[in-house]
Protein chains: 2
Amino acid sequence: MSLIDKLEWRYATKKFDPKKKLSAEQLDNLLTAIQLAPSAHGLQSYKVLVIEDPEIREQLREAAYGQPQLTQASHVLIFASYTTIDGEFVNDFIGNVAKIREVGIEHLEAYRQSITGFVDRLAEDQKITWSHKQAYIALGVLLTAAAEMGVDACPMEGFAAGKFDEILGLKEKGLTATVMATVGFRAADDEFSKLIKVRRVKEELFIHV
Amino acid sequence: MSLIDKLEWRYATKKFDPKKKLSAEQLDNLLTAIQLAPSAHGLQSYKVLVIEDPEIREQLREAAYGQPQLTQASHVLIFASYTTIDGEFVNDFIGNVAKIREVGIEHLEAYRQSITGFVDRLAEDQKITWSHKQAYIALGVLLTAAAEMGVDACPMEGFAAGKFDEILGLKEKGLTATVMATVGFRAADDEFSKLIKVRRVKEELFIHV
């Protein structure tokens, strides 16, 4: 099956089979795909919570309008964006670049300044929006990787972020819940798996110039 | 090569080989991946401009701070979000659902109302942010699909959106440039292809609960 066939196969799974769990290898592959997802300047301005704890998942489900995927899927993956992205955040990133590429930090000064300059030019609300968007790139990578592996997933925006932050203690960590995906395997009787996928035809979606 | 290996292989290509063009099939596969990308409620609140015209690309390059990918890559793909997402937009979507799934529009009334309700509850600025985020999911899908196919890509946020809108006549189409990717094949001497990828270690990126 080509990747295109797999993207046809995937759908936003509404009903997971609660008995089917991802193998450790499958989960690790999904997390590696997230880890490798691109982000602006490579800053990865988010963390990802991997939730298995059943009690926490009950609480999250309540804060997500009762959506059953929260407790029935194999795992819940929550993208949580950093709430403060400043010079220190950039310095940490540059420190990581220096370490991984084995280059003296003094050689990265122009690089550091260009990223700090970019970040500083954003107003606070622009910065939040920009940071959240990066998590959405990673979400797109995750959903594609899941499809490629034959793992079902449901991207989900419908939850009370403030309540998620409370339940998961995110505020204290300088994070806020941004978007999530539940992952696992579809129930045999999920009616939504039988619906024909609705997409705009190419003539309507693309403009060739 | 596994998808993970391919995600390791990819990088934000800074220097494309201007002589290497995507085949018609490669381009079509990338566009199909974008077409199949998930979006909230399936609304696909964007169009994608596929730019080949060399003169337009010169103009876009200028409005993108001179970045060479704009003229050297095989194709420029620009995600442009709809600026008005209202009841009529939702009605069009529901019309498409009815057509594709061959179901009477009267059976989709509750569905239509739930999406319209969601859209109407968003303040204008929230709606814009939300709509742009959907394009970022599609960007993530595109970048993953490109890597899977061995096609190089560079996601790019650094451009003057207002100027892009002018050059491409987007305002008249009810659209605004959101984010883009240049796609093609890396130049043999792109120094950036030789750099070690910098990502946070898993212990730092993921929180297991």
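To keep things clear, this report deals only with the structure shown in the data block. Because the structure is a prediction, the values reported are computed rather than measured. (Residues numbered from 1 in each chain as written. Chains lettered and ligands numbered in written order. Predicted model: local features only at pLDDT ≥ 70, side-chain atom pairs only at ≥ 80, totals over all residues.)

A few points about the overall build of chain A
Helix and strand counts for chain A stand at nine helices and five strands. Of the regular secondary structure in chain A, the N- to C-terminal order runs α-α-β-α-α-β-α-α-α-β-α-β-α-β. Across its three principal directions, the C-alpha atoms of chain A cover 60 × 50 × 35 Å. Every one of the 209 residues in chain A was classed for burial, and the buried ones make up 43%. Long-range pairs, those at least 24 residues apart, make up 81% of the contacts in chain A with a sequence separation of at least 6. (Helix = DSSP H or I, 4+ residues; strand = E, 2+ residues; numbered from the N terminus. Buried ≥ 20, exposed ≤ 12 C-beta atoms within 10 Å, placed from the backbone. Contact = placed C-beta atoms within 7 Å.)

Describing the relation of the copies chain A and chain B
When chain A is fitted to chain B, the residual RMSD is 0.0 Å, and the transformation amounts to a turn of 180° plus an axial shift of 0.0 Å. On the angle and the small slide along the axis, the relation comes out as a two-fold axis. No C-alpha of chain A approaches the rotation axis more nearly than that of Gly140(A), which lies at 2.1 Å. Looking at the interface residues of chain A, 100% of them are also at the interface in chain B, so both copies use one shared face. (Least-squares fit on C-alpha atoms with pLDDT ≥ 70 in both.)

Overview of the pairing of strand β1 (residues 46-51) of chain B
Buried residues dominate β1(B), accounting for five of its six residues. Sheet analysis places strand β5 (residues 206-208) of chain A next to β1(B), joined by three bridges and oriented parallel. By the bridge assignment, His208(A) is partnered in β1(B) with Val50(B). Where β1(B) meets strand β2 (residues 75-82) of chain B, six bridges bridge the pair, whose relative direction is antiparallel. Paired with Tyr46(B) across the strands is Ser81(B), a residue of β2(B). (Pairing = 2+ DSSP bridges.)

Here's the deal with the interface of chain A and chain B
Taken together, the 55 residues of chain A in the interface contact 55 residues of chain B. Counting residues per element, the ones that place at least two in the side of chain A that touches chain B are α1 (3-9), α2 (24-36), β1 (46-51), α5 (87-101), α7 (124-149), α9 (202-205) and β5 of chain A. With 13 residues, α7(A) is the single largest residue contributor to the side of chain A that touches chain B. Classifying every residue of the side of chain A that touches chain B by side-chain character gives 33 nonpolar, eleven polar and eleven charged. (Nonpolar A, V, L, I, M, F, W, Y, C, P; charged D, E, K, R; others polar.)

Some thoughts on the sheet that holds β1(A)
On the basis of which strands lie adjacent, the open sheet formed by five strands has the order β3(A)-β4(A)-β2(A)-β1(A)-β5(B) and mixed pairing. The open sheet terminates on both sides in strands that have one partner only, identified here as β3 (152-156) of chain A together with β5 (206-208) of chain B. When strand polarity is set aside, the average angle formed by the axes of neighbouring strands in this sheet is 25°. (Axes fitted to C-alpha atoms, helices over the stretch in contact; angles between N-to-C directions.)

Comments concerning the sheet that holds β5(A)
Strand order in this open sheet of five strands is β5(A)-β1(B)-β2(B)-β4(B)-β3(B), and the pairing throughout is mixed. Strands at the two margins of the open sheet, each flanked by one partner only, are β5 of chain A together with β3 (152-156) of chain B. Each strand of the sheet is rotated relative to its neighbour by a mean of 25°, with strand direction disregarded. Across the sheet, helix α7 (residues 124-148) of chain B lies against β1, β2, β3 and β4 (175-184) of chain B, angled at about 10° from β4(B), the strand it touches most.

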